[in-house]
Amino acid sequence: MSLPRALRTGFLAVCAADLVALLAGAHTAHLVLKPLLVPALLGYVVARGGPRLLCGALLLGWGGDVLLLFDNDAAFLAGMGSFAAGHVCYLVLFKRMGSPRARSGLLAIGYGVVLAVTVVALWPDLPAGLRGPVAGYSLLLTAMAYGASRLGPTAGVGGALFLLSDSLIAMGIADWPTLPRPDFWIMLTYVAAQFLLAQGVLDARPAPRAAYREESAETRRTPH
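Residues numbered from 1 in each chain as written. Predicted model: local features only at pLDDT ≥ 70, side-chain atom pairs only at ≥ 80, totals over all residues. Heavy atoms only, no water.

1. Points about the side chain of Gln199
Phase 1 of the analysis: Along the polypeptide, Gln199 turns up in helix H8 (residues 182–204).
Phase 2 of the analysis: Given a relative accessible area of 11%, Gln199 falls into the buried group.
Phase 3 of the analysis: With sequence-adjacent residues up to four places away left out, Gln199 is seen in contact with Tyr44, Arg48 and Thr154. (Helix = DSSP H or I, 4+ residues; strand = E, 2+ residues; numbered from the N terminus. Buried < 20%, exposed > 50% of the residue type's maximum accessible area, 1.4 Å probe, protein only. Contact = heavy atoms within 4.5 Å.)

In structure tokens form, the structure reads like this:
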């Protein structure tokens, strides 16, 4: 088994263990496992030669994960800020790597409608001190989710799942009715989002120049 594959398997194993811990109500196990999730994914990305902006986005996401383990408003705002900085990294990366042809007016309208409906619906039920930050963060998150579609369906689904995961968090803060075991669904959509975004970026990279030169040389040697 290659190193990247082994590291990807390790990440998936940590994800499975954390999700099982959430289902079992093992809070202490979750506190131990959650900070290991993104570093495990980062190891896979580094082994695959992932771009620095992707590594930066993941590290900032890890910072948000750790900060959200503390149950207070200051930690929540700091964690949201860390995630927001990570979304900026993703946005810059998508702009550099994405294809302009991948833009879709209908998709942009759809994300815009989702953003407007979500913010308007949640606004009255959010704590007053969190309304502005949550609205600003939601705008940035929605832009990231839309931008991810420029890299193809893998990253596009990852962006949509990130939006869903954070929407579930916002619904909990607003004290809306939620699914049973909401923490499980939040983490399931979150880890899937980070993995799909990372995989989408890795898959969208151009082929290495050396490999291209070898292929070109082989083509020239082959008679037509």
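2. Thoughts on a nonpolar patch on the surface
Phase 1 of the analysis: Where nonpolar side chains cluster on the molecular surface, the patch consists of Leu106, Ile109, Val113 and Val117 and spans about 420 Å² of accessible area.
Phase 2 of the analysis: Secondary-structure assignment places Leu106 in helix H5 (residues 105–122). (Patch = residues over 30% accessible without salt bridge, like charges linked within 9 Å, V, L, I, M, F, W, Y side chains within 5 Å. Areas by Shrake-Rupley, 256 points an atom, 1.4 Å probe, with all protein chains shown as cover. Salt bridge = Lys/Arg side-chain N within 4 Å of Asp/Glu carboxyl O.)

3. Regarding unusual backbone geometry
Phase 1 of the analysis: Although it is not a glycine, Asp175 sits at a positive phi angle of roughly 65°.
Phase 2 of the analysis: In this model, Arg181 sits at a positive phi of 55°, which is unusual for a non-glycine residue.
Phase 3 of the analysis: Positionally, Arg181 belongs in the loop between helix H7 (153–173) and H8.
Phase 4 of the analysis: The exposure class of Arg181 is partly exposed, given its relative accessible area of 44%.

4. Quick word on helix H6 (residues 128–148)
Phase 1 of the analysis: The end-to-end C-alpha separation of H6 is 31 Å, in line with the 30 Å expected for 21 residues at 1.5 Å each.
Phase 2 of the analysis: Along H6, the positions that sit buried rather than exposed are Leu130, Val134, Tyr137, Ser138, Leu141, Thr142, Met144, Ala145, Gly147 and Ala148.
Phase 3 of the analysis: Its buried side turned inward, H6 meets helix H4 (73–97), H5, H7 and H8. (Expected span 1.5 Å × (residues − 1).)

5. Overview of the nonpolar core
Phase 1 of the analysis: Judged by nonpolar contacts, the single largest core of 52 residues is most densely connected at Leu54, Leu58, Tyr90, Phe94, Phe162 and Leu197.
Phase 2 of the analysis: Elements with a minimum of two residues in this core: helix H1 (3–24), helix H2 (27–47), helix H3 (52–67), H4, H5, H6, H7 and H8.
Phase 3 of the analysis: If you tally residues by element for this core, the top one is H8, at ten residues.
Phase 4 of the analysis: Not counting chain neighbours up to four residues away, the residues in contact with Phe94 comprise Met144, Gly147, Ala148, Arg150, Leu151, Leu197 and Val201. (Core = buried A, V, L, I, M, F, W, Y, C linked by side-chain atoms within 4.5 Å.)

6. So, the side chain of Ser82
Phase 1 of the analysis: Relative to the elements of secondary structure, Ser82 occurs in helix H4.
Phase 2 of the analysis: When its relative accessible area of 13% is taken as the criterion, Ser82 is described as buried.
Phase 3 of the analysis: Within the local environment of Ser82, its side chain forms a polar contact with the backbone oxygen of Leu60, the two atoms lying 2.6 Å apart.
Phase 4 of the analysis: One polar contact links the side chain of Ser82 to the main-chain amide nitrogen of Gly64, over a distance of 3.4 Å. (Polar contact = N/O pair within 3.5 Å; in protein donor to acceptor, adjacent residues only side chain to side chain.)

7. Quick look at the packing of H1 against H8
Phase 1 of the analysis: One can describe the packing of H1 onto H8 by two numbers: an axis separation of 9 Å at closest approach and a directional angle of 170°. As summarised for this structure, H1 and H8 are arranged roughly antiparallel, according to the angle between their axes. Crossing of H1 against H8: the hand is right-handed. Taken together, the residues of H8 that come into contact with H1 (itself represented by Arg8, Phe11, Cys15, Asp18, Leu19, Leu22 and Leu23) are Asp183, Phe184, Met187, Leu188, Val191 and Phe195.
Phase 2 of the analysis: Its residues assigned to classes, the contact of H1 with H8 comprises ten nonpolar, no polar and three charged. (Axes fitted to C-alpha atoms, helices over the stretch in contact; angles between N-to-C directions. Parallel < 35°, antiparallel > 145°, perpendicular 65-115°, else oblique. Left-handed = near helix turned anticlockwise from the far one by under 90°. Nonpolar A, V, L, I, M, F, W, Y, C, P; charged D, E, K, R; others polar.)

8. Description of the environment of Leu107
Phase 1 of the analysis: Assignment of secondary structure puts Leu107 in helix H5.
Phase 2 of the analysis: Judged by its relative accessible area of 32%, Leu107 is partly exposed.
Phase 3 of the analysis: Spatially, the C-alpha atom of Leu107 lies 33 Å from that of Asp18, the residues being 89 residues apart in sequence.
Phase 4 of the analysis: Setting aside its immediate chain neighbours within four residues, Leu107 contacts Tyr146 and Ser149.

9. Let's talk about the packing of aromatic side chains
Phase 1 of the analysis: On inspection of all chains with the given rule, the structure shows seven aromatic pairs.
Phase 2 of the analysis: With 5.9 Å between their ring centres and 85° between their planes, Phe83 and Tyr190 make a pair best called edge-to-face. Highlighted residues: Phe83 in helix H4 and Tyr190 in helix H8, separated in sequence by 107 residues. For the residue pair Phe83 and Tyr190, the accessibility class agrees, reading buried in each case. (Phe/Tyr/Trp six-rings, centres within 6.5 Å; stacked < 30°, edge-to-face > 60°.)

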